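Structure assessment
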Amino acid sequence: MSESGSNLLFRELPPHLQFSSEEKRNLKSFARRAASRVLSGRSFTCVISDEKELRQLNQGFLGHDYATDVLSFPVAE
């Protein structure tokens, strides 16, 4: 998805967490609608990943050594 600078990225996930093509289309559609309603044209990136990558991102950006459900960052002006 890349309308208005927004992205929805699906990383490699274990087989039991894989999304079907239809599920990916539904998630992308939801993300487009959410971005248009909430972000007023600003861009965002959403990454769907596994616990290992979320733990690495949380450690790298915030210094917390654990996985988390959501990481969010303010938009740079």
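Preceding this paragraph is the structure being described.
Description of the structure in this document. (Residues numbered from 1 in each chain as written. Predicted model: local features only at pLDDT ≥ 70, side-chain atom pairs only at ≥ 80, totals over all residues. Heavy atoms only, no water.)

**A few points about the overall build of the protein chain**
On a plain count of helices and strands, the protein chain comes out with two helices and two strands. Counting from the amino terminus, helix and strand elements in the protein chain follow one another as β-α-β-α. For the protein chain, the share of sequence-separated contacts (at least 6 apart) that also reach a separation of at least 24 residues comes to 51%. Of the roughly 6,100 Å² of accessible surface on the protein chain, 50% is carried by carbon and sulfur atoms. (Helix = DSSP H or I, 4+ residues; strand = E, 2+ residues; numbered from the N terminus. Contact = heavy atoms within 4.5 Å. Areas by Shrake-Rupley, 256 points an atom, 1.4 Å probe, with all protein chains shown as cover.)

**Side note on the pattern of salt bridges**
On inspection of all chains with the given rule, the structure shows one salt bridge. A salt bridge links Asp65 to Arg55, with the shortest nitrogen-to-oxygen separation between them at 2.9 Å. Note that Asp65 is positioned in the segment after helix 2 (51–62) and Arg55 in helix 2, a separation of ten residues in sequence. What makes Arg55 partly exposed here is its relative accessible area of 40%. (Salt bridge = Lys/Arg side-chain N within 4 Å of Asp/Glu carboxyl O. Buried < 20%, exposed > 50% of the residue type's maximum accessible area, 1.4 Å probe, protein only.)

**Here we look at helix 1 (residues 21–38)**
Helix length check: helix 1, at 18 residues, gives a terminal C-alpha distance of 25 Å against a target of 26 Å (1.5 Å per residue), a fit within 8%. Once helix 1 finishes, Ser40 follows within two positions and takes phi at roughly 50 degrees, a positive value. (Expected span 1.5 Å × (residues − 1).)

**Remarks on the environment of Val47**
Turning to its location among the elements, Val47 is positioned in strand 2 (residues 45–48). Val47 sits 40 residues away from Asn7 along the chain, and the two C-alpha atoms are 8.2 Å apart. Those residues in contact with Val47 that sit more than four places away from it in its chain are Leu9 and Arg11.

**Remarks on helix 2**
When the terminal C-alpha atoms of helix 2 are compared, their 16 Å separation across twelve residues agrees well with the 16 Å that a helix rising 1.5 Å per residue should span. For helix 2, every residue scored as buried is listed here: Glu53, Leu54 and Asn58. For helix 2, the buried positions fall inside an angular range of 135 degrees around the axis, keeping them on one side. Those residues of helix 2 that are exposed and angled more than 90 degrees off the buried face are Lys52, Gln56 and Gly60. Once helix 2 finishes, Gly63 follows within two positions and takes phi at roughly 75 degrees, a positive value. (Arc of directions from axis to C-beta.)

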